[in-house]
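Next come the chains, spelled out residue by residue.
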Amino acid sequence: IQLTQSPSSLSASVGDRVTITCRASQAISSYLAWYQQKPGKAPKLLIYAASTLQRGVPSRFSGSVSGTDFTLTISSLQPDDFATYFCQQHNSYPGTFGQGTKVEIK
Amino acid sequence: EVQLVESGGGLVKPGGSLRLSCTASGFTFRDYTMTWVRQAPGKGLEWVSSFSRSSRYIPYADSVKGRFTISRDNARNLLYLQMNSLRAEDTAIYYCARDSNLDYDSFPSPIDYWGQGTLVTVSS
């Protein structure tokens, strides 16, 4: 299963609404997770099963799915959100990751 | 508190071997599927291998199949990755990770805890 993220990078300002897309090459139901990674750190789980927020993650993060298209939305970008975001399918092995989307400060 | 601490990384020549270890604490190790994920410098994440909690499922990425072996010691809360016939393209930070056990252990689960990673560099 291939996962294609878009865009590969974006520039945004604090307060902006940001949307990142992950498209699966075949049906994976809702078995997709989103992670946030900051430089020099391990990834952090944000969302799993397409739309379930991991405990402790701010509610400005949300996820949705339509067919094989998955979306991560940050409703109002905060300074702490500038990072790289990865999707991962947890439908079947191997647990493929998307190539990442870097969110930078405009 | 869940903790995962990797060790064993370093510089190795192409064709060489290395064994990574991961010491787990803060949870009942035997009850969780454990996974290795790697990240080449400046690149994305690549799932490498998992060892299911039942020990029945031990999948590998095609890129490492036949060269890497994952194993675990539940009595000592240790996860291992034996890496043989190493290549330059295996250069990466290797993360030990805990699956969240969302589903049957024949399927992957989202990773809810990660170690800090250990760097493996394959170069002559």
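Residues numbered from 1 in each chain as written. Chains lettered and ligands numbered in written order. Predicted model: local features only at pLDDT ≥ 70, side-chain atom pairs only at ≥ 80, totals over all residues. Heavy atoms only, no water.

### Things to note about the state of the cysteines
Here is the idea: a disulfide is a covalent bond, and it sits between the sulfur atoms of two cysteines.
Next up, step 1: Tallied over the full model, the rule gives two disulfides over all chains.
Next up, step 2: Between the sulfur atoms of Cys 22 of chain A and its disulfide partner Cys 87 of chain A the distance amounts to 2.1 Å. The chirality of the disulfide connecting Cys 22 of chain A with Cys 87 of chain A is right-handed, given an S-S dihedral of about 70°. With Cys 22 of chain A in strand β3 (residues 18-24) and Cys 87 of chain A in strand β9 (residues 84-89), this pair connects stretches of sequence that are 65 residues apart.
Next up, step 3: Paired by a disulfide, Cys 22 of chain B and Cys 96 of chain B hold their sulfur atoms 2.1 Å apart. (Disulfide = S-S within 2.5 Å. Helix = DSSP H or I, 4+ residues; strand = E, 2+ residues; numbered from the N terminus.)

### Quick look at the interface of chain A and chain B
Next up, step 1: Taken together, the contacts link 20 residues of chain A with 23 residues of chain B.
Next up, step 2: Taken together, the two surfaces of chain A and chain B that pack against each other cover about 1700 Å², and 68% of this comes from carbon and sulfur.
Next up, step 3: Its largest share of buried area at the contact with chain B, chain A owes to His 90, Tyr 93 and Phe 97 of chain A, together 38% of the area lost on that side.
Next up, step 4: The tally of links between chain A and chain B comes to zero salt bridges.
Next up, step 5: The tally of links from chain A across to chain B stands at five residue pairs in polar contact (both at pLDDT 80 or more).
Next up, step 6: Residue assignment for the side of chain A that touches chain B shows that the elements contributing at least two residues are β4 (32-37), β5 (44-48) and β9 of chain A.
Next up, step 7: Broken down by element, the side of chain A that touches chain B gets its largest block of residues, three residues, from β4 of chain A.
Next up, step 8: Among the residues making up the side of chain A that touches chain B, the classes are represented as 11 nonpolar, eight polar and one charged. (Contact = heavy atoms within 4.5 Å. Buried area = accessible area lost by both parts, 1.4 Å probe. Salt bridge = Lys/Arg side-chain N within 4 Å of Asp/Glu carboxyl O. Polar contact = N/O pair within 3.5 Å; in protein donor to acceptor, adjacent residues only side chain to side chain. Nonpolar A, V, L, I, M, F, W, Y, C, P; charged D, E, K, R; others polar.)

### Focus on the sheet that holds strand β7 (residues 61-66) of chain A
Residue and element names in this part refer to chain A.
Next up, step 1: In space, the four strands of this open sheet follow the order β1-β3-β8-β7, with antiparallel pairing throughout. Edge positions in the sheet fall to β1 (3-6) and β7, since each of these pairs with one other strand and no more. Along the sheet, successive strands turn relative to each other by an average axial angle of 20°, direction set aside.
Next up, step 2: Sheet analysis places β7 next to strand β8 (residues 69-74), joined by six bridges and oriented antiparallel. Residue Ser 66 lies in a different strand from β8, and its bridge partner there is Asp 69. (Pairing = 2+ DSSP bridges. Axes fitted to C-alpha atoms, helices over the stretch in contact; angles between N-to-C directions.)

### Considerations on unusual backbone geometry
Next up, step 1: In this model, Ser 6 of chain A is joined to Pro 7 of chain A through a cis peptide bond whose omega is -10°.
Next up, step 2: In this structure, Pro 7 of chain A sits in the loop between β1 and β2 (9-12).
Next up, step 3: Here the amide bond leading from Tyr 93 of chain A into Pro 94 of chain A is cis, since omega sits at -5°, within 30 degrees of zero.
Next up, step 4: With respect to the helices, strands and loops of the structure, Pro 94 of chain A is situated in the loop between β9 and β10 (101-105).
Next up, step 5: The phi dihedral of Ala 50 of chain A is positive, around 70°, even though this residue is not glycine.
Next up, step 6: With respect to the helices and strands, the residue Ala 50 of chain A is situated in the loop between β5 and β6 (52-53).
Next up, step 7: Assessed through its relative accessible area of 2%, Ala 50 of chain A is described here as buried.
Next up, step 8: With a phi close to 70°, Ser 55 of chain B is a non-glycine residue in the positive phi region.
Next up, step 9: Here Ser 55 of chain B lies in the loop between β5 (45-51) and β6 (68-73). (Buried < 20%, exposed > 50% of the residue type's maximum accessible area, 1.4 Å probe, protein only.)

### A closer look at the environment of Ser 6 of chain A
Residue and element names in this part refer to chain A.
Next up, step 1: Relative to the assigned elements, Ser 6 resides in strand β1.
Next up, step 2: The partly exposed category is assigned to Ser 6, whose relative accessible area is 37%.
Next up, step 3: Distance in space between the C-alpha atoms of Ser 6 and Arg 23 is 8.4 Å, their sequence separation being 17 residues.
Next up, step 4: Apart from residues lying up to four places away in sequence, Ser 6 is in contact with Ile 20, Thr 21 and Thr 101.

### Section: the sheet that holds β10 of chain A
Residue and element names in this part refer to chain A.
Next up, step 1: If you trace the six strands from one edge of the open sheet to the other, you get β2-β10-β9-β4-β5-β6, paired in mixed fashion. Each edge of the open sheet is held by one strand with a lone partner, namely β2 and β6.
Next up, step 2: Pairing analysis gives six bridges linking β4 to β9, with the strands arranged antiparallel. Looking at the pairing, Trp 34 lines up with Cys 87 of β9.

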